[in-house]
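Chain by chain, the residues:
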Amino acid sequence: MSSESAPRDDDFHTTLRSLRVWDTDLPAFDTGAAPAEPLGLFREWFTHAARAGQLEPHTMSLATVDGDGRPDVRILMLHDADARGWHFASHSTSAKGRQLAARPDAALGFYWPTVGRQVRVRGRVAACGPEESRADLAVRSQGALAAALTGRQSEVLDSVAELERVSAAAWERAGAEPDAPAPTWTRYVLDADEVEFFQGDAARRHIRLRYRRTAAGQTWARELLWP
């Protein structure tokens, strides 16, 4: 590799140290006015972030644990948030699907830098049934169906050419059969037992409010956390 094409360590560190966060007016967070349950506040914050111009506010990180106890994380899309929990979907045969089948404890993370807010969700994940999973895929785009039909998520790929060939066939089928079945496509729902709301502050007096389910599981306890 020539010196011109080699990455420059000083460029990386100069760039890293020049970055700033929340160079804008941030919203207030009146924890005293927060609702008794976290779902309503999550929906309120989600809608606010989207209207404030946050790109893709429905993207989130999903953390799971593999068979060796090692954490794993990836970015995916939120499909709903309701009284049952936080919904997403994937192949049951993917790495995340296998990990959730073996150990259903998981965590979600949302970050909306436009408004300096984060939401963290922890709980247990359950797989929805085939009918609900098919309905989840039915309302998505042709591209989403083609990706689901391509399948084999997280498996080793021999070449990009193979991906292009299989994907092209999946796109063709998705166009011809908009209701084509993707048997391993599964909708999941995370039933939260802990939800934390983080509001950033330019003076670093960040506000953190955590909801935890009580022992009875029917109500939520609320507590402030040091930043």
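See the structure above.
Owing to the predicted nature of the structure, the values given are computational and were not obtained by experimental measurement. (Residues numbered from 1 in each chain as written. Predicted model: local features only at pLDDT ≥ 70, side-chain atom pairs only at ≥ 80, totals over all residues. Heavy atoms only, no water.)

1. Re the nonpolar core
Part 1: Core analysis: the biggest nonpolar cluster contains 31 residues, and Phe-42, Trp-86, Phe-110, Val-119, Val-121 and Phe-197 have the highest contact counts within it.
Part 2: Among the elements of the structure, helix H2 (38-51), strand S1 (59-65), strand S4 (85-91), strand S5 (105-112), strand S6 (117-127), strand S7 (185-199) and strand S8 (207-213) are those that each provide at least two residues to this core.
Part 3: Beyond its immediate chain neighbours, meaning those up to four positions away, Val-119 contacts Phe-42, Trp-45, Leu-108, Gly-109, Phe-110, Trp-112, Val-195, Glu-196 and Phe-197.
Part 4: Core analysis: the second largest hydrophobic core is formed by 9 residues, Leu-145, Ala-148, Ala-170 and Ala-174 among them. (Core = buried A, V, L, I, M, F, W, Y, C linked by side-chain atoms within 4.5 Å. Buried < 20%, exposed > 50% of the residue type's maximum accessible area, 1.4 Å probe, protein only. Helix = DSSP H or I, 4+ residues; strand = E, 2+ residues; numbered from the N terminus. Contact = heavy atoms within 4.5 Å.)

2. Looking at the environment of Pro-57
Part 1: Inspection of the secondary structure assignment puts Pro-57 in the loop between H2 and S1.
Part 2: The spatial distance from the C-alpha of Pro-57 to the C-alpha of Leu-78 is 8.9 Å, given a sequence separation of 21 residues.
Part 3: Those residues in contact with Pro-57 that lie beyond four places of it in its chain are Phe-46, Ala-50, Phe-110 and Trp-112.

3. Brief notes about the packing of helix H5 (residues 142-150) against helix H6 (residues 160-176)
Part 1: As a packed pair, H5 and H6 sit with axes 8 Å apart at the nearest point and diverge in direction by 125°. Between H5 and H6, the angle falls in the class oblique. Crossing geometry of H5 relative to H6 is assigned as right-handed. Residues Gln-142, Gly-143, Leu-145, Ala-146, Leu-149 and Thr-150 of H5 form the contact with H6, whose own contacting residues are Val-166, Ser-167, Ala-170, Trp-171, Arg-173, Ala-174 and Gly-175.
Part 2: Within the contact of H5 with H6, the residues separate by chemical class into 7 nonpolar, 5 polar and 1 charged. (Axes fitted to C-alpha atoms, helices over the stretch in contact; angles between N-to-C directions. Parallel < 35°, antiparallel > 145°, perpendicular 65-115°, else oblique. Left-handed = near helix turned anticlockwise from the far one by under 90°. Nonpolar A, V, L, I, M, F, W, Y, C, P; charged D, E, K, R; others polar.)

4. A word on H5
Part 1: Within the span of H5, buried status applies to Ala-144, Leu-145, Ala-146, Ala-148 and Thr-150.
Part 2: Check the buried side of H5 and you find it contacts S4, helix H4 (130-138), H6 and S7.
Part 3: Looking one or two places after H5, you find Gly-151, whose phi comes out positive at around 60°.

5. Points about unusual backbone geometry
Part 1: One non-glycine residue with positive phi stands out, namely Glu-56, at about 45°.
Part 2: Here Glu-56 shows up in the loop between H2 and S1.

6. What about the side chain of Asp-136?
Part 1: Mapped onto the secondary structure, Asp-136 falls in helix H4.
Part 2: The class of Asp-136 is buried, set by a relative accessible area of 4%.
Part 3: In this structure the side chain of Asp-136 is engaged in a polar contact, spanning 2.7 Å, whose partner is the side chain of His-79.
Part 4: Ignoring sequence-local partners within four residues, the contact set of Asp-136 consists of His-79, Ala-89, Trp-185 and Arg-187. (Polar contact = N/O pair within 3.5 Å; in protein donor to acceptor, adjacent residues only side chain to side chain.)

7. A look at the pairing of S6
Part 1: Of the pairings in the sheet, the one linking S5 to S6 comprises 8 bridges and is antiparallel in character. Bridged to Phe-110 within S6 is Val-119.
Part 2: Summarising the sheet, S6 and S7 pair through 11 bridges and their orientation is antiparallel. Bridging across to S7, Arg-120 finds its partner in Glu-196. (Pairing = 2+ DSSP bridges.)

8. Regarding the layout of surface pockets
Part 1: Space inside the largest pocket adds up to approximately 290 Å³.
Part 2: Along the walls of the largest pocket sit 15 residues, with Ala-89, Arg-140, Ala-147, Gln-153 and Trp-185 positioned nearest its centre.
Part 3: At the level of elements, strand S2 (71-77), S4 and H5 are the ones that each hand at least two residues to the lining of the largest pocket.
Part 4: Its residues assigned to classes, the lining of the largest pocket comprises 8 nonpolar, 5 polar and 2 charged.
Part 5: Of the pockets and cavities examined, the second largest pocket occupies roughly 220 Å³.
Part 6: Lining the second largest pocket are 13 residues; nearest its centre among them are Arg-134, Leu-137, Ala-180, Pro-181 and Ala-182.
Part 7: Among the elements that take part in the lining of the second largest pocket, H4 stands out by supplying 5 residues, more than any other.
Part 8: Along the lines of polarity and charge, the residues of the lining of the second largest pocket split into 10 nonpolar, 1 polar and 2 charged. (1 Å grid on protein atoms, 1.4 Å probe; cavity = no way out; pocket = protein on both sides within 12 Å on 5 of 7 lines; lining within 4 Å. Points joined across faces, edges and corners; volume = space filled by probe spheres on them.)

9. Quick look at the pairing of S2
The side chains of a regular strand alternate between both faces of the sheet.
Part 1: Pairing of S1 with S2 involves 7 bridges; the strand directions are antiparallel. Bridge pairing links Met-60 to Leu-76 in S2.
Part 2: Between S1 and the antiparallel strand that follows it, S2, lie 5 residues; Gly-69 among them carries a positive phi value of about 80°.

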